[in-house]
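Chain residues, written in single-letter form:
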Amino acid sequence: MTSFNRSTSRRLKKLNQIPSVWEGDRRPLLSPPGQSPESEVKGECILWVDGTQGIVRGMDVVAPETGPEAVVRTLMRAMEHPHSPAKPARPQRIVVRDREIQFYLRGVLQDLDIAIEHSPELPLIDELFRGFAEILDSQVPDLPPQYVQVLREKAFAIWQAAPWEFLEEQQILSIEINQWDVGTLYASVMGMLGMEYGILLYRSEESLKQFRATVLRDDELQGHLEEAFLKQDCLFLTFESTDEMDDDEDEFFDLADLPLSDIEPTFGNIHPLEGLRSVLYDEEALVVLVALESLYRFLRDHRRQLNDDTFPNLSRRYRIALPESSNNDLAKSIPVVVSTMPQLAEELEEIAGFSLDDDDYDYEDEDDDEETSPFQLLRNDVIPEDSFVSLSVVSWKILDDLRKGANYHAVGEMTQAGDGLPVILIQTSRPKAKTLIESIEQAGGLRGIGFNPGADPFDDRDYDLGLLKTKNDELILFGEYEDDDPIHIEERQKWNQRCQNTQGYCGLIIAKGLTGSSRGNPQPRDMMALFEARFLSPRDIGLGTLQLMPQL
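Being a predicted model, the structure only gives us computed values, none of them experimental.

**Some thoughts on the overall build of the protein**
In step 1: Across its full length, the protein holds 13 helices and 22 strands.
In step 2: By residue count, 48% of the 552 residues in the protein fall in the buried class.
In step 3: Taking as baseline every contact in the protein between residues at least 6 positions apart, the subset at least 24 positions apart corresponds to 68%.
In step 4: Summed over all atoms, the accessible surface of the protein reaches about 28,700 Å², with 45% contributed by carbon and sulfur.

Okay, structure coming up:
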């Protein structure tokens, strides 16, 4: 048996011995009701309580397999460094409930003049644990116990169906339930940005529109996002990792890359008057259960149509069986209708500001009587018209990571000089980004990026035209900038200097996430392709000044 060092025993004997009786015990931790077996609390609590003064002197939590030495370590802290307001001291008597602990302590503490006694009951510790149990029993579980297993099964079915791979947040599905005082829910799928994954089930169109309008307005975003978030009226399912992630070490971490065993679903409710709670009550749990089951069936039945670039008009009726434990007086199953809402998706896109201004060019309608492109020699039907385009730079560290993970097309060995690689950043929706990437790949890849002068003699304006040159020598127009625009002049100067630093190397990054929170500022996880290219001067392009000509 391990015993104290002599110096330790002498130190402990110097403590003032007080005429009190201490209770000591080691008991399993209690778990809140309704928890899944995987999330049950596992561990044991060691307590030392001064029965005379009625105060806790020491407490510790250890793993169940920890040996009896842990009881002694906690006792030493209770004597030398007790919890406030107790003072350092050693007791005259110690009472324990466990015979093994009694015999163990008699051997270890034999030099400290402390009597070690046994009692089948420890009144103070028993009362403490009864209080703990009452607190836990009074807590509302996150999910009604009778629905925990089935809700988790439906959540994992949704995760494996991965609707965020083909549905954007504004492509809403209506779920008509008409039970439990719920009419129609409006499901918005989160996850196409690769950041947060889940399903928001709005109770009204108004709540959905109001929230999206608020977060997509730049002047509202700062300082009001949390307020807008809490004003939503919805039920939700979100997914999280079971492991703690270090954001600094895992800058490009994507939940979708983890195995199913590392994914944990979370359910909850948001309401303007209640705020956020990660708890579902019985009726709410039934509503979410029915909604997820019908949504899963709809995704399974219409995955091919929903995976198209367009958002089709679809509707399907299902009969959803209710769990036997639901105690529903109406029926054992209920009818549910799931439908797409293309018109609402268009409205939400307009809220996001995707519609063109009257002065913008319409590059798709070639039968229009008016001029459809100011510069006829260029392809202007490749870059999606609602894209966010900018002259930017990507750091060398991020570039190295993109080369490992993104759709990467190299052009040669470049010099890593300056603050990073100068890039043209094109951000659009995920389906349109895929189409754009395929178009460039079908043209053999990207040869170069440059700017060429252009002129409109009808309004006496000069332009700086941003061009992509593919390897089959096509020229793609990605931007038209007035050459006297001071912002563009500054960006072009930075672009030219960075291209000089890299000895003529630059790049094109195509990113998703136009409709999400990263609109205008895509994160590395949003970047779907990197095409390296060479800097092209107007002489390299060889077109001279392009002029707008009237269409006959």
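**Looking at the pattern of salt bridges**
In step 1: Considering all chains together, one arrives at 32 salt bridges under this definition.
In step 2: The residue aspartate 473 makes a salt bridge to arginine 447 at a minimum N-O spacing of 3.6 Å. Highlighted residues: aspartate 473 in the loop between β18 (461–470) and β19 (475–482) and arginine 447 in strand β17 (residues 446–456), separated in sequence by 26 residues.
In step 3: Given the relative accessible area of 49%, aspartate 473 is considered partly exposed.
In step 4: Arginine 447 gets classed as partly exposed once you look at its relative accessible area, which sits at 36%.
In step 5: One connected set of salt bridges, linked through shared partners, spans Asp25, Arg27, Arg97 and Asp126.

**Section: a negative patch on the surface**
In step 1: A cluster of acidic side chains, namely Asp460, Asp462, Asp483, Asp484, Asp485 and Glu491, defines a negative patch on the protein surface.
In step 2: Within the secondary structure layout, aspartate 485 lies in the loop between β19 and α12 (486–501).

**Comments concerning the confidence of the model for the protein**
In step 1: The predicted model of the protein has a mean per-residue pLDDT of 82, with 84% of residues at 70 or higher.
In step 2: Taken together, the stretch residues 218–222 has pLDDT below 50 and engages in three contacts with residues farther than four places along the chain or on a different chain.

**Comments concerning the sheet that holds strand β13 (residues 333–340)**
In step 1: In spatial order, the strands read β11-β10-β9-β8-β7-β6-β13-β12; together these eight strands make up an open sheet with antiparallel pairing. Pairing within the sheet leaves two strands with one partner each, and these edge strands are β11 (275–277) and β12 (315–321). Within the sheet, the average angular offset between the axes of one strand and its neighbour, ignoring direction, is 25°.
In step 2: Two strands pair when backbone bridges link them, and strand β7 (residues 182–190) and strand β8 (residues 197–202) are joined in this way by five bridges, in the antiparallel orientation. Residue pairing for β8: serine 188 is matched across the bridge by leucine 200.
In step 3: Packed on one face of the sheet, helix α5 (residues 148–161) meets β8, β9 (234–241) and β10 (263–271) and runs near 105° to β10.
In step 4: In the packing of helix α8 (residues 282–306) onto the sheet, the strands contacted are β6 (173–179), β7, β8, β9, β10, β11, β12 and β13, and the crossing angle to β12 comes to about 140°.

**Some details on the side chain of serine 333**
In step 1: Topologically, serine 333 is positioned in strand β13.
In step 2: Within the local environment of serine 333, its side chain forms a polar contact with the side chain of arginine 319, the two groups lying 3.1 Å apart.
In step 3: Apart from the residues lying within four places of it in its own chain, the contact partners of serine 333 are Arg319, Ile320, Ala321 and Leu322.

**So, helix α3 (residues 99–108)**
Within an α-helix, residues lying three or four positions from one another point in the same direction, as the helix has 3.6 residues per turn.
In step 1: Every buried residue of α3 is accounted for by Ile101, Gln102, Tyr104, Leu105, Gly107 and Val108.
In step 2: The elements touched by buried residues of α3 are β1 (17–28), β2 (44–50), α2 (69–80), β4 (90–96) and β5 (115–118).

**Notes on the packing of helix α1 (residues 6–13) against α2**
In step 1: Two numbers describe how α1 lies on α2: the axes approach to 11 Å, and their chain directions differ by 40°. Between α1 and α2, the angle falls in the class oblique. For α1 against α2, the interelement crossing comes out left-handed. From α1, Thr8, Arg11 and Leu12 reach across to α2, where they touch Met76, Met79 and Glu80.
In step 2: Within the contact of α1 with α2, the residues separate by chemical class into three nonpolar, one polar and two charged.

**Structural notes on the side chain of serine 207**
In step 1: Secondary-structure assignment places serine 207 in helix α6 (residues 205–215).
In step 2: Serine 207 gets classed as buried once you look at its relative accessible area, which sits at 8%.
In step 3: Ignoring sequence-local partners within four residues, the contact set of serine 207 consists of Tyr202, Lys231, Gln232 and Asp233.

**Let's talk about the pairing of β10**
In step 1: The pairing of β9 with β10 spans eight bridges and is classified as antiparallel. Each bridged residue has a counterpart across the sheet, and for glutamate 240 the counterpart in β10 is glutamate 264.
In step 2: As paired strands, β10 and β11 are joined by three bridges and run antiparallel to one another. Within the sheet, the bridge partner assigned to asparagine 269 lies in β11 and is arginine 277.
In step 3: Linkage of β10 to β11, two consecutive antiparallel strands, is achieved through a turn of three residues.

Scoring rules and cut-offs
Residues numbered from 1 in each chain as written. Predicted model: local features only at pLDDT ≥ 70, side-chain atom pairs only at ≥ 80, totals over all residues. Heavy atoms only, no water. Helix = DSSP H or I, 4+ residues; strand = E, 2+ residues; numbered from the N terminus. Buried < 20%, exposed > 50% of the residue type's maximum accessible area, 1.4 Å probe, protein only. Contact = heavy atoms within 4.5 Å. Areas by Shrake-Rupley, 256 points an atom, 1.4 Å probe, with all protein chains shown as cover. Salt bridge = Lys/Arg side-chain N within 4 Å of Asp/Glu carboxyl O. Patch = residues over 30% accessible without salt bridge, like charges linked within 9 Å, V, L, I, M, F, W, Y side chains within 5 Å. Lys, Arg positive; Asp, Glu negative; His and termini not counted. Charge placed at Lys NZ, Arg CZ, Asp CG, Glu CD. pLDDT = per-residue confidence, 0-100. Pairing = 2+ DSSP bridges. Axes fitted to C-alpha atoms, helices over the stretch in contact; angles between N-to-C directions. Polar contact = N/O pair within 3.5 Å; in protein donor to acceptor, adjacent residues only side chain to side chain. Parallel < 35°, antiparallel > 145°, perpendicular 65-115°, else oblique. Left-handed = near helix turned anticlockwise from the far one by under 90°. Nonpolar A, V, L, I, M, F, W, Y, C, P; charged D, E, K, R; others polar.

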